[in-house]
Amino acid sequence: DQQVKQNSPSLSVQEGRISILNCDYTNSMFDYFLWYKKYPAEGPTFLISISSIKDKNEDGRFTVFLNKSAKHLSLHIVPSQPGDSAVYFCAAPLGWFYGGSQGNLIFGKGTKLSVKP
Amino acid sequence: DVKVTQSSRYLVKRTGEKVFLECVQDMDHENMFWYRQDPGLGLRLIYFSYDVKMKEKGDIPEGYSVSREKKERFSLILESASTNQTSMYLCASTAGGGNSPLHFGNGTRLTVT
């Protein structure tokens, strides 16, 4: 059973417009969420995160919104740029283990964003 | 900057071969991970390690083993490679404590023929 779902495999947006990437989760025990960005032939890089005690976290052009009652989060990119074209993964830590770090991350299947000039 | 280095970008191996994928990180991180990425399936955790000589199974450990003899190095071993292990393999590390993010290497594209 998929605990983190990204139902849109792809999204195409015009440069300068807003990109909205969506993610749903089923496990109400998740209390922290992350977004990673991946370019072809590179490893994923951490983009932004949000704790469940917040409903919004902003970092420059990137904002993540969390709706706990709907078990839904979204990543907004404003304005979108061609360099934002990548695969975006939503992720949540499955549980804490020794060291209390992020531990085992459950990833969604990813959404491929294409920003057209 | 954290650097996670995977020894090979591309590998081609034959069915039945024993395959070693090597990963080294330079930030003294306690925790290291091996994921594989497949189209339409996202990233799936194979094994992870939170200390030298310690290892834990992830979601899809079958057909794999790992070795962590030194803190900076985490090796993934395919005991007898099969075609369904053709994939992109990603190593990652993170420091213990708090919500420190995973740092990924650039991946190894393994093709098993």
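Every value quoted in this text rests on a predicted model; they were computed, and no experiment measured them.

Caption draft 1: Molecular detail of the overall build of chain A. When you go through chain A residue by residue, the secondary structure sums to 0 helices and 11 strands. Starting at the N terminus, the α and β elements of chain A follow one another as β-β-β-β-β-β-β-β-β-β-β. On C-alpha atoms alone, chain A measures out to a radius of gyration of 14 Å, which is about the 13 Å that the 2.2 N^0.38 rule sets for 117 residues. Its C-alpha atoms put chain A at 45 × 30 × 25 Å along the principal axes. For chain A, the residues scored as buried account for 45% of the 117 residues in total. Within chain A, counting contacts between residues at least 6 apart in sequence, those at least 24 apart form 54% of the total. Accessible surface computed for chain A: about 5500 Å², of which carbon and sulfur atoms make up 51%. Within chain A, one finds 12 positive and 9 negative side-chain charges whose respective centroids are separated by 4 Å.

Caption draft 2: Region of the structure containing the pattern of salt bridges. Taken as a whole and judged by the stated rule, the model has 7 salt bridges over all chains. Residues K56(A) and E58(A) are paired through a salt bridge, measuring 3.9 Å at the closest nitrogen-oxygen approach. Take K56(A): its relative accessible area is 42%, and that puts it in the partly exposed class. Between D28(B) and K71(B) there is a salt bridge, and its shortest N-O distance comes to 3.2 Å. Taken as a pair, D28(B) in the loop between β4 (23–25) and β5 (31–38) and K71(B) in the loop between β8 (64–70) and β9 (73–78) lie far apart in primary sequence, 43 residues in all. We classify D28(B) as exposed; its relative accessible area is 53%.

Caption draft 3: Seen up close, the nonpolar core. Among the nonpolar cores identified, the biggest contains 24 residues, and F33(A), W35(A), L73(A), L75(A) and Y88(A) are the most heavily contacted of them. Broken down by secondary-structure element, the contributors of at least two residues to this core are β3 (19–25), β4 (32–38), β5 (45–51), β7 (62–67), β8 (72–77), β9 (86–93) and β11 (111–116) of chain A. Setting aside residues no more than four positions away along its own chain, F33(A) makes contact with Y25(A), I48(A), S49(A), I50(A), L66(A), L73(A), A91(A) and A92(A). In this structure, L21(B), Y89(B), L110(B) and V112(B) belong to the second largest nonpolar core, which totals 20 residues.

Caption draft 4: The environment of L11(A), seen in detail. Residue and element names in this part refer to chain A. Among the structural elements, L11 can be located in strand β2 (residues 10–14). When the C-alpha atoms of L11 and L113 are compared, they prove to be 4.9 Å apart, with 102 residues separating the residues in sequence. Apart from residues lying up to four places away in sequence, L11 is in contact with S19, I20, L21, T111, K112, L113 and S114.

Caption draft 5: Expanded view of the pairing of β5(B). Residue and element names in this part refer to chain B. Among the 8 residues that make up β5, 8 are buried, leaving the element largely enclosed by the rest of the structure. Here 7 bridges tie β5 to strand β10 (residues 87–94), and the two strands are oriented antiparallel to one another. Across the sheet, the residue bridging to Q37 is M88, located in β10. The turn joining β5 and strand β6 (residues 42–49), which pair antiparallel and follow one another in sequence, is formed by 3 residues; a positive phi near 80° is taken by G40.

Caption draft 6: Expanded view of the sheet that holds β3(A). Residues and elements named next belong to chain A. Within the open sheet, the 5 strands sit side by side as β1-β3-β8-β7-β6. Their pairing is antiparallel. Each edge of the sheet is formed by a strand with only one pairing partner; in this case those strands are β1 (4–5) and β6 (56–59). Note that β3 and β8 share 6 bridges and pair antiparallel. Paired with I20 across the two strands is H76, which belongs to β8.

Cut-offs and rules
One numbering rule holds for all chains: residues counted from 1, following each sequence as written. Chains carry letters and ligands carry numbers; both start at the beginning, A for chains and 1 for ligands, and go up in the order they are written. Predicted model: local features are reported for residues with pLDDT of at least 70 only, side-chain atom pairs are reported and counted for 80 or more only, and whole-chain, interface and lining totals are derived from all residues. Computation of side-chain values covers all heavy atoms of the structure but excludes hydrogens and water. Here a helix means four or more residues in a row that DSSP labels H or I, a strand means two or more in a row labelled E, and each is numbered from the N terminus. Two things to know: the radius of gyration comes from C-alpha atoms, and the globule rule equals 2.2 Å times the number of residues to the power 0.38. Exposure is judged per residue with a 1.4 Å probe applied to protein chains only, and the accessible area is read against the type maximum: over 50% gives exposed, under 20% gives buried, and values in between give partly exposed. It only takes one pair of heavy atoms within 4.5 Å for two residues to be counted as in contact. To measure how exposed things are, a 1.4 Å probe is used in the Shrake-Rupley method; for residues, cover is taken only from the protein chains shown. We count Lys and Arg on the positive side and Asp and Glu on the negative side, and we leave His and both chain ends out. Where a charge sits is defined by one atom per residue type, namely NZ (Lys), CZ (Arg), CG (Asp) or CD (Glu). One side-chain nitrogen of Lys or Arg within 4 Å of one carboxyl oxygen of Asp or Glu is enough to make a salt bridge. What is meant by a nonpolar core is a set of buried Ala, Val, Leu, Ile, Met, Phe, Trp, Tyr and Cys residues, joined one to another through side-chain atoms within 4.5 Å. For two strands to count as paired, DSSP must find a minimum of two bridges between them.

Coordinates in, geometry out; function isn't part of it.
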